[in-house]
Amino acid sequence: MVNSVHDRDTAARFTALILIGLLIVRLICILLTPLELYADEAQYWRWGQSLEWGYYSKPPLIAWLIHATTSVFGDSAWAIRLPAPFLHTIAAWCLFLLGRNMAGPKVGLMAAIGYALMPAVFLSSTVLSTDGVLMPIWALALWLTWRVRQGEAGWIGFVSLGLAIGAGFLAKYAMLYFVIGLALIIVFDGPSRRHFLSLKGVAAALTALAVFAPHLVWNAQNDFATVGHTVDNANLGGDLFNPEHAFKFLADQMGVFGPISFLGLVAGLTFMNRTVSGEAARKELWLACFIVPVLAIILGQSILSRAHANWAATAYPAASVFIALVFLRAKPNRPLWFWIAGLTAFGCLLIPDFTIMARLGLGLTFAAAITAAAFLARFKPEGLFWTGLGIHTLIGSATMAIMIFANTMVGPLGLDNAFKRTRGWDAISDQLVGFVDENGTPSALVVDEREIWHGLDFYLKDRIEAPLLLWRYNEGAHSFAEQRPLTDALDDNVLIASYRPNRRPAIAADFETFARVGEVSVDLGERSNGCPIVRRLVLYRASGFDPLPRTQDWVERFDNQTMGAPEPCPAAD
């Protein structure tokens, strides 16, 4: 008993020390990086200027967090991103508690450190996203759900779980996958079924609904804007069978969870019923209920249409505990090491933005490192786990170094295209302010690209005394940035800052006068084929706003038309 308590305390202290160290490093990265906000972060900042129960495309929790930090520290990029590393640190600690409760302190330590060192968590700890806001809530709900399963949760535990589930829905609708996991454990796990099908289980459900209800009311009052956007995001139109997307999705998950971790997860899930039994099997099945549905649904979505790599992120809190269990119980396996070394090398060939030689070199380096570690670990699968974390640490350290020294490292590494969304916004805003100072304040500043609108919205910050508007291609608003249309009161001296040559003929047709008056631009480096990356806004003065009806004839009239398009890059041929 003394040794058990000592092991628990030692594991807790060691885990906390590592997590605090990572937190400090990530805070330093946020403070020192010159990278600017990307469009989604700027959008969340704009929402956070007022506290609502919902916003155009997301539930409210991320905007509330930004409102809190910017109210204290001001409207800066680092203040907006400040919650990110704290959120993932909390998530990792909750997974330590889950792993420790489930299988002992070593599993808790492995789960927490494995999660904290995930490649996706390294990145997500330095930007603020809805996934980052959801993860600590999801991990906390997992731990509370396990306590319920073990009979360790009284009324307070059940109500706390309900609060966590409700808060999860206020962070991101992906919390629905957690509810699916709950339904599955009720079906397949006897202890979970007995505890949740009770008055305490009803109390948890009612608490979750009470927390989420104000957001539902807000949606009903706003034409279900957030729900509608989430449905549109699925993009279930056109060709609904793209099996080749499945391969890309699986390769992306190796980048999200880490190559060894993801391959170990797939192997563990595939052979779970053959290699484990009894209570150990029930624990792994319980965790699988929160992993498999997410991966299966998003894999199906990728085949039907498309799926971004991060859409399956909620599978990985439970997966962090699952692979710790799998790697600890598995017996020495020589072929497993060599298979994973080969598949990791192959996965590196699919990394976007890197040159083929960089991908090949990285893949061969990782394969060699895994092979060398195999002999050192005597082919024990637990060694694979720690080898994977070593690779993650190298990837994460390189990522943070690039973020801190982006101005000097991004170009030489050929990553200009990967980082273009987070560079140049302040510079181009300065140029626009200079143009307006020299030529007079317009009645409105109009742009034709959503990302441009959000970038200028944050980095102009009312430095031009004119409303910033996004020209509408469609009849109604199809994004948050389009919600404020042009009006007759703003059409006498409009400054158009156009990014898209294929939109300019249609924009010109919406005005009586339309004349080019200049341009502003920033150099963002070059693509892998040698073509330059330039954010160029061509400036036009316009008046007499009288938009044409957005009919099919209008679409066909301007199809394939451009105005003022730059010469194509010869290197692209």
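A few words now on unusual backbone geometry. Here the phi dihedral of Lys461 falls at roughly 45°; this positive angle occurs in a residue that is not glycine. Lys461 sits in the partly exposed class, given a relative accessible area of 31%. Unlike most non-glycine residues, Asn560 shows phi in positive territory, near 70°. The topology assignment puts Asn560 in the segment after helix 28 (552–558).

By the definition in use, this model includes 27 aromatic pairs. An angle of 40° between the planes, with centres 6.4 Å apart, marks the rings of Trp471 and Trp554 as tilted. A residue pair is termed long-range when its members are at least 10 positions apart, and Trp471 in the loop between strand 2 (468–470) and strand 3 (494–498) and Trp554 in helix 28 qualify at 83 residues. For the pair Trp471 and Trp554, a shared accessibility class is recorded, and that class is buried. These aromatic residues form a ring-pair network of at least three members: Tyr44, Trp47, Tyr55, Trp453 and Phe480. Positioned above the aromatic ring of Phe122, the side-chain terminus of Arg26 is 4.5 Å from the ring centre. Against the face of Tyr459 rests Lys461, its NZ or CZ located 5.7 Å from the ring centre.

A few words on the environment of Leu123. Mapped onto the fold, Leu123 is located in helix 7 (residues 119–124). C-alpha separation for the pair Leu123 and Glu451, spaced 328 residues apart in sequence, amounts to 20 Å.

Glancing now at the environment of Gly300. Inspection of the secondary structure assignment puts Gly300 in helix 18 (residues 292–304). We classify Gly300 as partly exposed; its relative accessible area is 26%. It is 9.2 Å that separates the C-alpha atoms of Gly300 and Pro243, two residues lying 57 residues apart in sequence.

By the definition in use, this model includes 18 salt bridges. Of the charged contacts, one joins Arg282 and Glu279 as a salt bridge, the two residues approaching to 2.9 Å between their closest N and O atoms. Placement of the pair is Arg282 and Glu279 together in helix 17 (residues 278–288), with a separation of 3 residues, close to one helical turn. Look at Glu279 and you get partly exposed, because its relative accessible area is 32%. Several salt bridges converge on common partners, so that one network encompasses Arg149, Asp189, Glu279 and Arg282.

This part is about the packing of helix 15 (residues 259–270) against helix 20 (residues 334–348). Two elements in contact, helix 15 and helix 20, have axes whose closest approach is 10 Å; the angle formed by their N-to-C orientations is 125°. Put simply, helix 15 runs oblique to helix 20. Handedness of the helix 15/helix 20 crossing: right-handed. Across from Pro259, Ile260 and Leu263 in helix 15, the residues of helix 20 making contact are Ile340, Leu343 and Thr344.

The next subject is the environment of Arg149. Along the chain, Arg149 turns up in helix 8 (residues 130–149). Given the relative accessible area of 5%, Arg149 is considered buried. What Arg149 contacts, discounting residues up to four positions off in sequence, is Asp189, Pro191, Ser192, His195, Glu279, Arg282 and Trp286. Of note is the side chain of Arg149, whose polar atom sits 2.8 Å from the side chain of Gln150.

Judged by nonpolar contacts, the single largest core of 158 residues is most densely connected at Leu265, Leu287 and Tyr316. If one sorts the elements of this core by residue count, helix 8 sits on top with 12 residues. Of all hydrophobic cores here, the second largest spans 17 residues; its members include Leu486, Ile507, Phe511 and Ala542.

Parameters and conventions
- Residues numbered from 1 in each chain as written.
- Predicted model: local features only at pLDDT ≥ 70, side-chain atom pairs only at ≥ 80, totals over all residues.
- Heavy atoms only, no water.
- Buried < 20%, exposed > 50% of the residue type's maximum accessible area, 1.4 Å probe, protein only.
- Helix = DSSP H or I, 4+ residues; strand = E, 2+ residues; numbered from the N terminus.
- Phe/Tyr/Trp six-rings, centres within 6.5 Å; stacked < 30°, edge-to-face > 60°.
- Lys NZ or Arg CZ within 6 Å of the ring centre and 35° of its normal.
- Salt bridge = Lys/Arg side-chain N within 4 Å of Asp/Glu carboxyl O.
- Axes fitted to C-alpha atoms, helices over the stretch in contact; angles between N-to-C directions.
- Parallel < 35°, antiparallel > 145°, perpendicular 65-115°, else oblique.
- Left-handed = near helix turned anticlockwise from the far one by under 90°.
- Contact = heavy atoms within 4.5 Å.
- Polar contact = N/O pair within 3.5 Å; in protein donor to acceptor, adjacent residues only side chain to side chain.
- Core = buried A, V, L, I, M, F, W, Y, C linked by side-chain atoms within 4.5 Å.

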